[in-house]
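Analysis of the macromolecular model
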Number of protein chains: 2
Amino acid sequence: MIGRLNHVAIAVPDLEAARAQYRDALGAEVGPQQDEPDHGVTVVFIELPNTKIELLHPLGEDSPIRGFLDKNPSGGIHHVCYEVEDILAARDRLTGQGARVLGDGRPKTGAHGKPVLFLHPKDFNGCLIELEEV
Amino acid sequence: MIGRLNHVAIAVPDLEAARAQYRDALGAEVGPQQDEPDHGVTVVFIELPNTKIELLHPLGEDSPIRGFLDKNPSGGIHHVCYEVEDILAARDRLTGQGARVLGDGRPKTGAHGKPVLFLHPKDFNGCLIELEEV
């Protein structure tokens, strides 16, 4: 069911410093900062040859990653995103096996303009999983 | 400098349950359990179309991930592994810019039989980074 790893998201306390580190020290191809007000984050995508790294920083007071950075002030790996062909079929298959979807269970539009859902980390080895329909 | 994302490693409290979940619920292609006594872990590789997920479980009393699971009993995302062409050149470039390498700074042989190093998470946004020479 799951396909490609679309991205790994890393929450960072200083987005411009992290962006410069990936560009200059790690020598990767980095994109510009993009505000995603619907998701409460500012993001930078790092383009690797086979997938992307998404650097995340809180945007606004209600940012869903503010609590994560309060607990992990240096930052940390926040989630992985797997691609699926049909997000509603994927959701129904997983919830039918007892897994929980975060929020109201309905897909939202993600940073790439595609439908996304997040699965409850307690049901997946403490790992927050985003599913993105492609 | 960094190339492909070789894998994302997820530490799990029950390796066979996690393996079955990736195979049956998430519908991914999963490999067998492999003991890696030199690294103090038992691993299962999940083959995605563009990269791998490495499920990690402690092997032996001195396992480097035992402390992580003590702190995160449900499990969690443990590290990301980036490929590099020349691991000594990569190390020298990064340490020359002040980043720290874990252990004695010399590459070890990783789970794929290739030289690997780990970078200090405090120097990389709380994210443990493995470099693997390919």
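Thresholds, definitions, all that
- Residues numbered from 1 in each chain as written.
- Chains lettered and ligands numbered in written order.
- Predicted model: local features only at pLDDT ≥ 70, side-chain atom pairs only at ≥ 80, totals over all residues.
- Heavy atoms only, no water.
- UniProt positions renumbered as here; feature names shortened; annotations may be inferred.
- Buried < 20%, exposed > 50% of the residue type's maximum accessible area, 1.4 Å probe, protein only.
- Helix = DSSP H or I, 4+ residues; strand = E, 2+ residues; numbered from the N terminus.
- Least-squares fit on C-alpha atoms with pLDDT ≥ 70 in both.
- Contact = heavy atoms within 4.5 Å.
- Salt bridge = Lys/Arg side-chain N within 4 Å of Asp/Glu carboxyl O.
- Polar contact = N/O pair within 3.5 Å; in protein donor to acceptor, adjacent residues only side chain to side chain.
- Phe/Tyr/Trp six-rings, centres within 6.5 Å; stacked < 30°, edge-to-face > 60°.
- Lys NZ or Arg CZ within 6 Å of the ring centre and 35° of its normal.
- Disulfide = S-S within 2.5 Å.

Chain A is annotated in an unreviewed UniProt entry as methylmalonyl-CoA epimerase of Histidinibacterium aquaticum. Heading Catalytic activity (unreviewed entry) of the UniProt record for chain A holds this comment: "(R)-methylmalonyl-CoA = (S)-methylmalonyl-CoA". Under the UniProt heading Sequence similarities (unreviewed entry), the entry covering chain A gives this text: "Belongs to the methylmalonyl-CoA epimerase family."

Of the positions making up helix H1 (residues 15-25) of chain B, those classed as buried are B:Leu15, B:Ala18, B:Arg19, B:Gln21, B:Tyr22 and B:Ala25. After H1(B) finishes, the residue B:Gly27 shows a positive phi value of roughly 65°.

The next subject is the relation of the copies chain B and chain A. The operation relating chain B to chain A is a screw motion whose rotation component is 180°, with 0.0 Å of axial translation and a residual RMSD of 0.0 Å. Put plainly, the chains are arranged around a two-fold axis. Scanning chain B for the C-alpha nearest the rotation axis identifies B:Asn50, at a separation of 3.0 Å. A shared binding surface is used by both copies, with 100% of the interface residues of chain B retained as interface residues in chain A.

The positions UniProt marks with the feature "domain: VOC" (unreviewed entry) are residues 4-134 of chain A. With 21% helix and 36% strand, residues 4-134 of chain A has end C-alpha atoms that lie 10 Å from one another.

For the rest of this paragraph, the subject is the pattern of salt bridges. As a working rule, side chains carrying opposite charge can pair if their charged atoms are close by. Residues and elements named next belong to chain A. Applying the stated criterion across every chain yields a total of 12 salt bridges over all chains. Where Glu16 meets Arg19, a salt bridge forms, and the shortest distance between an N and an O atom there is 3.2 Å. In this pair, Glu16 and Arg19 both sit in helix H1 (residues 15-25), 3 residues apart, roughly one turn of the helix. The exposure class assigned to Arg19 is buried, which follows from its relative accessible area of 15%.

What follows deals with the side chain of B:Arg19. Polar contacts involving the side chain of B:Arg19 include one to the main-chain carbonyl oxygen of B:Gly31, which spans 2.7 Å. Discounting residues that sit within four places of it in the chain, B:Arg19 has contacts with B:Val30, B:Gly31, B:Pro32, B:Gln33, B:Val44 and B:Leu55.

A word on the packing of aromatic side chains. One pass over the full model with this rule turns up 2 aromatic pairs over all chains. Centroid distance A:Tyr82 to B:Tyr22: 6.2 Å. Interplanar angle 85°. Geometry classified as edge-to-face. Separated into two different chains, A:Tyr82 in strand E6 (residues 76-84) and B:Tyr22 in helix H1 make up a pair that spans both. An identical accessibility class is assigned to A:Tyr82 and B:Tyr22; each is buried. One residue, A:Lys52, lies across the ring of A:Phe45, its end atom 5.9 Å from the ring centre.

Moving on: the state of the cysteines. All names here are of chain A. As enumerated under the stated definition, the model contains 0 disulfides over all chains in all. Free cysteine Cys81: the closest other cysteine sulfur is in Cys127, separated by 11 Å. Judged by relative accessible area, which is 0%, Cys81 ranks as buried.

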